[in-house]
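What follows is the residue order along each chain.
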Amino acid sequence: MVPPLVSLCARGVVSDHSSSPCWLRWVPSELYAALLEAAFTGHRPLAVGELVQRWPDRNLRVGGRRKQGQSAPNRLCIQALLLAVVRGLSDRRCALQVLDLCGLQGDEGGMGDPMGGWSLTVALCTMVVQAGAGAHRAQRREGERERKRFSALEREKDVKRERGLWKREPNGDEVDGNRPGGDDREWIGPYGTLSEEDLSKGVRRRMETERRRETSLTGPGGSRTETQEKEVSNVVLVHVRADLFVNARSWERVRAALSTSGPLKLQCRYLRVEEISVSSIKTLLDLLPRHGLLGIDVRYSSLGVAGLVELLPLLSIFPALRSLRLHYCNLDFRRDHPGQEEALRDLSQGLAKLQELRRLSLTALRLPGQLRVLLSSLPQPLEILELPYLSLSPADLSYLSCSHHVSTLQQLDLSENRLEESTLPSIRRLLSQASSSLQHLSLSGCGLTDGLLALLLPSLGGCCALKSLALALNPLSMACLMDLVRMAVRMPSLRHLLYPNPLEDYQPGLPDLPSSAQLLDWPLDGATEINMTNSQLNRLLKESGRSGLFLTCDLLNYDKDLVD
């Protein structure tokens, strides 16, 4: 695709940093976005910093979903962006008020040295804390200067009081200020006529009077300088929205940034936490702004049933929460435990309070036979349901195929839940009910044999909206794989098929019905067989004329999000 002329010109402009003083003062505000995009694409951190420091619009969004083949912004460019935001706080040319960095993070160690979510979170929080500390230091310096000016004025008042002119006598003669006093003499001070008795009270008493007057002006909450400091600390100049990645090492930094008052206010769209305790997660949730949090992802944290019951009421206070993802959180209902029924009831009641939930992901939680208890309480039908490694029972699949969620599902992940012939009627009924809405389906590692897949192919072919289908790590032969591809090319909406390596591609010794773990670990029989498989599938794809369908067996690099 040929880039537009504006993009080509922008790349040429930002490529020469020595000329930036010439064009920066004349460039119209409408071209800033194109220039910034060119600076990110060309890895020009100096140009990024200069553009952001004088950003002419109220909003700036950097990140979002990237196009296929598009890399994440360079680490140096992101650091230049964050520094420029802080410098722009004191630059009158900068009109920035909302900085949206949601989706900016890339893969750690990826091409082009991108900044991953963990590093970006630490950098963001450091920026917020330092900006707040800088604002407080500047305010303290200003307060000190104000106090010095006030002290100078007080001294000047005292001098004027001591050297004030006496009132002239009625005959017009001026009274000497050094003459011993009489009761009929009065002194003209800065606050009007004072008697000599008032003058004898001394400077100390008058300063006390002024201090009381100052207190009456500022109120009992403190001095005027302290009040001004509080007001300045609460003034937010730029709201920063981002996805936050928090683990045990970065938790303290994130907590400090969320509790800091200053010119930058950190807001969170998606929160991902790993390996931190329930109490730490609760602290983060208490600090987050109530509006704006769309999802929370908890991974590798030993929540247990009690911890999850404790967290769910806190999640209900976020009115826009649409996504809840729990991965490897030590929930296991395979054994009978005292209080298990009560805990399930509490979980169900907690989920019922999530009014806007549209995505639920439960990975390796071991909840056989409990799917009805969890999903039936949700007030709104789900659009995304991910249940890998959940040890689903036939009763779970039967409920799911008849639940109020099935007709609205757009994405369904049943990976690593073993399917048998007794569960196929439920799966076929599920696919039939979701045929008009389902866009992404994963049945990887479900133990689908040639016979089971042959029974399932008609139902899969009836999913008219399906865009991606994942069937990796299933023990299929080459003949069955060819039937799968023939079915796939007849699905006009399907754009991505993740197929398993056929059994013929593995080295000898593989069991007759291997598990997904055995298929993953067993060595393949050299590059010759794999190339032969690819050539046969691609020939079939070419003969069908489906150039928009992408076939792959690369499980590690498979990404269904690239389909959109």
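Numbering of residues starts from 1 in every chain and runs along the sequence as written. Per-residue local features are limited, in this predicted model, to residues with pLDDT of at least 70; the limit for side-chain atom pairs, both in listing and counting, is 80 or more; totals at the level of whole chains, interfaces and linings are taken over all residues. Side-chain descriptors were evaluated using all non-hydrogen atoms of the structure, hydrogens and water having been removed beforehand.

We now examine the state of the cysteines. Working definition: the covalent bond between the sulfur atoms of two cysteines is a disulfide. Here, a disulfide means two cysteine sulfur atoms that sit within 2.5 Å of each other. Throughout the structure, instances matching the rule amount to zero disulfides. Left unpaired, Cys-464 is separated from the closest cysteine sulfur, that of Cys-463, by 7.6 Å. Only protein chains enter the accessibility calculation, which uses a 1.4 Å probe; a residue whose area is less than 20% of its type maximum is buried, one above 50% is exposed, and one in between is partly exposed. The exposure class assigned to Cys-464 is exposed, which follows from its relative accessible area of 53%.

Bringing the pattern of salt bridges into the picture now. For salt bridges, the criterion is a side-chain nitrogen of Lys or Arg within 4 Å of an Asp or Glu carboxyl oxygen. Going through the model one piece at a time under the given rule, you end up with 13 salt bridges. Residue Asp-91 pairs with Arg-93 through a salt bridge whose shortest N-O separation is 2.8 Å. The structure contains a network of salt bridges with shared partners spanning Asp-297, Arg-299, Arg-325, Arg-359 and Glu-386.

Judged by nonpolar contacts, the single largest core of 137 residues is most densely connected at Leu-101, Leu-271, Leu-285 and Leu-324. Here the element with the most residues in this core is helix 18 (residues 478-489); it accounts for nine residues. Residues within four places of Leu-324 in sequence aside, it is in contact with Ile-296, Leu-312, Leu-315, Leu-351, Leu-354, Leu-357, Arg-359, Leu-360 and Ser-361. Ala-470, Leu-473, Tyr-506 and Tyr-558 belong to the second-largest nonpolar core, a separate cluster that totals eight residues. Here, nonpolar core refers to any group of buried Ala, Val, Leu, Ile, Met, Phe, Trp, Tyr and Cys residues whose side-chain atoms link them within 4.5 Å. The helix and strand labels rest on DSSP assignments: H or I over at least four residues marks a helix, E over at least two residues marks a strand, and numbering proceeds from the N terminus. Note on contacts: a residue pair is in contact if any heavy atoms of the two residues lie within 4.5 Å.

On to unusual backbone geometry. Positive phi is not limited to glycine here, since Tyr-328 has a value of about 55°. Along the chain, Tyr-328 turns up in the loop between strand 8 (323-327) and helix 13 (340-352). The backbone phi angle of Ala-364 is positive, close to 55°, even though this residue is not glycine.

For the rest of this paragraph, the subject is the packing of helix 12 (residues 304-315) against helix 13. It is at 9 Å that the axes of helix 12 and helix 13 come closest, and there the two elements cross at 25°. Considering the angle they form, helix 12 stands roughly parallel to helix 13. Helix 13 is crossed by helix 12, and the crossing has left-handed handedness. Residues Val-305, Leu-308, Val-309 and Leu-312 of helix 12 lie in contact with helix 13, whose contacting residues are Ala-343, Asp-346, Leu-347, Gly-350 and Leu-351. Amino acids outside the nonpolar list (Ala, Val, Leu, Ile, Met, Phe, Trp, Tyr, Cys, Pro) and the charged list (Asp, Glu, Lys, Arg) are all regarded as polar, and Gly is one of them. The residue inventory of the contact of helix 12 with helix 13, partitioned by class, reads seven nonpolar, one polar and one charged. To get an axis, a line is fitted to the C-alpha atoms, and for a helix only the part in contact is used. The angle between two axes follows their N-to-C directions and goes from 0 to 180 degrees. Any angle between 65 and 115 degrees counts as roughly perpendicular, while under 35 counts as roughly parallel, over 145 as roughly antiparallel, and the rest as oblique. For any helix crossing, the convention is left-handed if the near helix is rotated counterclockwise from the far helix by under a right angle, and right-handed if that rotation is clockwise.

Glancing now at the environment of Ala-34. On the secondary structure map, Ala-34 appears in helix 3 (residues 32-41). Look at Ala-34 and you get buried, because its relative accessible area is 19%. For the pair Ala-34 and Ser-7, spaced 27 residues apart in the sequence, the C-alpha separation amounts to 6.2 Å.

Glancing now at the pairing of strand 8. Across the five residues that make up strand 8, a large majority, five, are buried. Side chains Ser-323, Arg-325 and His-327 of strand 8 all project onto a buried face; the interleaved residues Leu-324 and Leu-326 project onto the opposite face, where all are buried too. Of the pairings in the sheet, the one linking strand 7 (residues 295-299) to strand 8 comprises five bridges and is parallel in character. By the bridge assignment for strand 8, Val-298 is matched with Leu-326. A crossover counts as right-handed when, viewed with the strands pointing away from the observer, the path leading from the first strand over the helix to the second turns clockwise. Of the crossover connections in this fold, the one passing from strand 7 over helix 12 to the parallel strand 8 is right-handed. With five bridges joining them, strand 8 and strand 9 (residues 359-363) adopt parallel strand pairing. Bridging from a neighbouring strand, Arg-325 pairs with Ser-361 of strand 9. Two strands pair if DSSP finds at least two bridges between them.

By this rule the span expected of a helix is its residue count minus one, scaled by 1.5 Å. In this model helix 18 runs 17 Å from its N-terminal to its C-terminal C-alpha over twelve residues, within 8% of the 16 Å that 1.5 Å per residue would give. Counting buried positions along helix 18 gives nine out of twelve residues, so the element sits mostly inside the fold. Among the residues of helix 18, Met-478, Cys-480, Leu-481, Met-482, Leu-484, Val-485, Met-487, Ala-488 and Val-489 are the ones counted as buried.

Running from N to C, helix 17 (residues 450-461) and helix 18 cross one another at 0°; their axes reach a closest spacing of 11 Å. With respect to each other, helix 17 and helix 18 are oriented roughly parallel. Every residue of helix 18 that contacts helix 17 at Asp-450, Leu-453, Leu-457, Leu-460 and Gly-461 is listed here: Cys-480, Asp-483, Leu-484 and Met-487. Among the residues making up the contact of helix 17 with helix 18, the classes are represented as six nonpolar, one polar and two charged.

Here a pair means two rings of Phe, Tyr or Trp (six-membered ring of Trp) with centres within 6.5 Å. Their orientation is stacked below 30 degrees between planes, edge-to-face above 60, and tilted elsewhere. The tally for this structure, following the rule as stated, stands at three aromatic pairs. Centroid distance Tyr-32 to Trp-55: 5.9 Å. Interplanar angle 85°. Geometry classified as edge-to-face. In this pair, Tyr-32 sits in helix 3 while Trp-55 sits in the loop between helix 4 (45-53) and strand 1 (59-61), placing the two residues 23 residues apart along the sequence. Ring centres of Trp-118 and Phe-245 lie 5.3 Å apart, and the angle between their planes is 80°; on these two criteria the pair is classed as edge-to-face. Taken together, the positions of Trp-118 in helix 6 (residues 117-162) and Phe-245 in strand 5 (residues 238-246) put the pair 127 residues apart, joining distant regions of the chain.

Among the residues of helix 4, Ala-47, Val-48, Gly-49, Leu-51, Val-52 and Gln-53 are the ones counted as buried. For helix 4, the secondary structure elements touched by its buried residues are helix 1 (5-14), helix 2 (20-23), helix 3, strand 1 and helix 5 (75-88).

To continue, consider the environment of Tyr-32. Tyr-32 gets classed as buried once you look at its relative accessible area, which sits at 6%. Separated by 22 residues in the primary sequence, Tyr-32 and Arg-54 place their C-alpha atoms 9.6 Å from one another. With residues up to four places along the chain from it excluded, the contact list for Tyr-32 reads Leu-24, Val-27, Leu-51, Arg-54, Trp-55 and Pro-56.

All right, on to the side chain of Arg-546 then. Tracing the backbone shows Arg-546 in the loop between helix 20 (526-544) and strand 15 (550-552). We classify Arg-546 as buried; its relative accessible area is 15%. Polar contacts, as counted here, are pairs of nitrogen or oxygen atoms within 3.5 Å of one another; within protein the pair requires one atom able to donate a hydrogen and one able to accept it, and residues that are adjacent in sequence qualify only if both atoms are side-chain atoms. A polar side-chain atom of Arg-546 sits 3.4 Å from the main-chain carbonyl oxygen of Val-489. There is a polar contact of 2.4 Å between the side chain of Arg-546 and the backbone oxygen of Leu-494. Sequence-distant contacts of Arg-546, defined by excluding residues within four places in its chain, comprise Ala-488, Val-489, Met-491, Pro-492, Leu-494 and Leu-541.

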